[in-house]
Amino acid sequence: MREVRAITITIKGESADGSKKNPDAPKPEEENAKAKETTKSSAQNLSSWLVHRTLSEAESQLKIAAEYEFSKYYTTHDDYIGQRNFEIAKACVDIAVNVGTSIVSGAMVGASAGPVGAAIGAAAGAAFSGVNLALQYNRAMERQQLTVNQLNAQLQYTRQRSGYSLTSGSVGEDK
């Protein structure tokens, strides 16, 4: 035999006059309040972003102007050793700022998991920053070694062409 199934739909909150009211539906006042809240938070996010962007741009312009003035001073005074020392100090400060930023960013990302997550995030930020510094150092050493090898090859070729002896130092013998 064939089985007959019936589906029954029940509407909650139906009044006697047939109008349908859903008590779970949000009230218009609540919807307006949520929309105003969303608008306020969007405006706050936008203003926060604009302030951050403005401060970043001002910092960048100030840094460029300061570097220009320092470079101009060292160049006009022929103080190349001072300029070299300044560049080294600037590089050290940049490295320290980058490492600090990595650690703080890692801690902020991990903070959503609590204090342990913040510690793990900070450690991960420090590790990634350390790996990045090691890679940069290795690249710089490879470039330096390549330059030294290139200069040595040029010098050896020039000495050989001129007849300069590499063993006795005289010209014309022991090529």
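Predicted model only: the values in this text are computed from it and were never measured.

K.L.:
Would you mind showing me how to read the layout of surface pockets here?
P.N.:
Using a probe with the size of a water molecule, rolled over the atoms, empty space left in the structure can be pinpointed. The volume enclosed by the largest pocket comes to roughly 170 Å³. Around the largest pocket sit Glu59, Leu62, Lys63, Asp94, Val97 and Asn98, which together line it. Taken together, the residues that form the lining of the largest pocket break down as two nonpolar, one polar and three charged.

K.L.:
When you look at helix α3 (residues 115-162) in this model, what are you seeing that I'm missing?
P.N.:
Working note: α-helix, 3.6 residues per turn, so residues spaced by three or four point in the same direction. Compared with the 70 Å implied by 1.5 Å per residue over 48 residues, the 70 Å span of α3 between its first and last C-alpha is a close match. By the burial criterion, the buried members of α3 are Gly117, Ala118, Gly121, Ala122, Gly125 and Ser129. Considering only its buried residues, α3 is in contact with α2 (80-110).

K.L.:
Can you walk me through the side chain of Ser129 in this structure?
P.N.:
Tracing the backbone shows Ser129 in helix α3. What Ser129 contacts, discounting residues up to four positions off in sequence, is Asn98, Val99 and Ser102.

K.L.:
Even after reading the chapter, I still don't get α2, so can you show me in this structure?
P.N.:
The end-to-end C-alpha separation of α2 is 45 Å, in line with the 45 Å expected for 31 residues at 1.5 Å each. Every buried residue of α2 is accounted for by Gly82, Gln83, Gly106 and Gly110.

K.L.:
Is there a simple way to think about unusual backbone geometry in this case?
P.N.:
Excluding glycine, most residues fall at negative phi; most peptide bonds, likewise, are trans. The backbone of Asp78 shows a phi angle near 50°, a positive value even though the residue is not glycine. Take Asp78: it is sitting in the loop between α1 (28-76) and α2. For Asp78, a relative accessible area of 54% translates into the label exposed.

K.L.:
I keep staring at the pattern of salt bridges and nothing clicks. Help me out?
P.N.:
Where charged atoms from two side chains of opposite charge approach closely, those side chains can pair. Inspection of the entire model under this criterion finds five salt bridges. Here Asp94 makes a salt bridge to Lys63, at a shortest N to O gap of 3.6 Å. One end of the pair, Asp94, is in helix α2; the other, Lys63, is in helix α1, with 31 residues separating them in the sequence. Exposure remark for Asp94: the relative accessible area of 29% places this residue in the partly exposed category. Of the charged contacts, one joins Glu67 and Lys90 as a salt bridge, the two residues approaching to 3.4 Å between their closest N and O atoms. One end of the pair, Glu67, is in helix α1; the other, Lys90, is in helix α2, and 23 residues separate them in sequence. For Lys90, a relative accessible area of 22% puts it in the partly exposed group. Here the residues in one salt-bridge network are Glu67, Glu87 and Lys90, joined through shared partners.

K.L.:
Would you mind showing me how to read the packing of α2 against α3 here?
P.N.:
What describes two packed helices is the angle between their axes and the distance between those same axes. α3 packs onto α2 with a crossing angle of 145° between their chain directions and a minimal axis gap of 6 Å. Crossing of α2 against α3: the hand is right-handed. Contact residues: Ile95, Asn98, Val99, Ser102, Ile103, Gly106, Ala107 and Gly110 in α2; Gly117, Ala118, Gly121, Ala122, Gly125, Ala126, Ser129 and Leu133 in α3. Among the residues making up the contact of α2 with α3, the classes are represented as eight nonpolar, eight polar and no charged.

What counts, and at which threshold
- Residues numbered from 1 in each chain as written.
- Predicted model: local features only at pLDDT ≥ 70, side-chain atom pairs only at ≥ 80, totals over all residues.
- Heavy atoms only, no water.
- 1 Å grid on protein atoms, 1.4 Å probe; cavity = no way out; pocket = protein on both sides within 12 Å on 5 of 7 lines; lining within 4 Å.
- Points joined across faces, edges and corners; volume = space filled by probe spheres on them.
- Nonpolar A, V, L, I, M, F, W, Y, C, P; charged D, E, K, R; others polar.
- Helix = DSSP H or I, 4+ residues; strand = E, 2+ residues; numbered from the N terminus.
- Expected span 1.5 Å × (residues − 1).
- Buried < 20%, exposed > 50% of the residue type's maximum accessible area, 1.4 Å probe, protein only.
- Contact = heavy atoms within 4.5 Å.
- Salt bridge = Lys/Arg side-chain N within 4 Å of Asp/Glu carboxyl O.
- Axes fitted to C-alpha atoms, helices over the stretch in contact; angles between N-to-C directions.
- Left-handed = near helix turned anticlockwise from the far one by under 90°.

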